Amino acid sequence: MVAVVWVAALVYVAFVIRVPYTVPRMVFEPFHALKLFLKNMNTAPLRGLGFLEGAVLNLLMFVPVGYLAPVLWNRVDRLWKVLLFGFCLSLGVELLQLVTLRGMLDLDDLMNNTIGTAVGWVCYCRWLN
């Protein structure tokens, strides 16, 4: 049931509430959001928070993946398998956003989502002990 709620939340946040772009957008620069945050920190601190907020939300959105993957599938029992699953799922979401114009393909999102998956895995391992 938790997985179904998570999928519904992901679809809502990644696709439903977004206004479509007119052209596909891609950002392949690592730490692009962090650079924008640091750039705007001095001139418009509140505007800079939006970039940081997006990174944190991407990270938090994928914590359940790292926790639920080993619970739902016995074969996903190692960190590298969980990270690969989280990365592939994130890449799928990013590509679908690109195709539907409901977001952009962003390297930072892939990194933050994968880090969130790792955090979920750590929570899963801690919960077992």
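Presented here is a report on the structure given in the accompanying data block. (Residues numbered from 1 in each chain as written. Predicted model: local features only at pLDDT ≥ 70, side-chain atom pairs only at ≥ 80, totals over all residues. Heavy atoms only, no water.)

Turning our eyes to something else, we now look at helix H5 (residues 79-100). Given a rise of 1.5 Å per residue, 22 residues ought to cover 32 Å, and the 31 Å separating the end C-alpha atoms of H5 matches this to within 8%. Those residues of H5 not exposed but buried are Val82, Gly86, Ser90, Val93, Glu94, Gln97 and Leu98. For H5, the arc enclosing every buried residue in end-on projection is 140 degrees, short of the 170-degree limit, so these residues lie on one face. Exposed residues lying more than 90 degrees from the buried face of H5 are Trp80 and Val99. Where H5 is buried, its residues contact helix H1 (2-16), strand E1 (26-27), helix H4 (63-72), strand E2 (105-106) and helix H6 (107-128). Just downstream of H5 lies leucine 101, where phi reads positive at about 60 degrees. (Helix = DSSP H or I, 4+ residues; strand = E, 2+ residues; numbered from the N terminus. Expected span 1.5 Å × (residues − 1). Buried < 20%, exposed > 50% of the residue type's maximum accessible area, 1.4 Å probe, protein only. Arc of directions from axis to C-beta. Contact = heavy atoms within 4.5 Å.)

Further remarks concern the environment of alanine 118. Within the element layout of this structure, alanine 118 appears in helix H6. According to the relative accessible area criterion, alanine 118 is partly exposed, its value standing at 24%. As for alanine 118 and proline 64, which are separated by 54 residues in sequence, their C-alpha atoms are 9.8 Å apart.

What follows is about the packing of H1 against H5. The N-to-C vectors of H1 and H5 enclose an angle of 35 degrees; their axes lie 11 Å apart at closest approach. Handedness of the H1/H5 crossing: right-handed. Of H5, the residues touching H1 (which contributes Trp6, Leu10, Ala14 and Phe15) are Leu89, Val93, Leu96, Gln97 and Thr100. When grouped by side-chain class, the residues that make up the contact of H1 with H5 number seven nonpolar, two polar and no charged. (Axes fitted to C-alpha atoms, helices over the stretch in contact; angles between N-to-C directions. Left-handed = near helix turned anticlockwise from the far one by under 90°. Nonpolar A, V, L, I, M, F, W, Y, C, P; charged D, E, K, R; others polar.)

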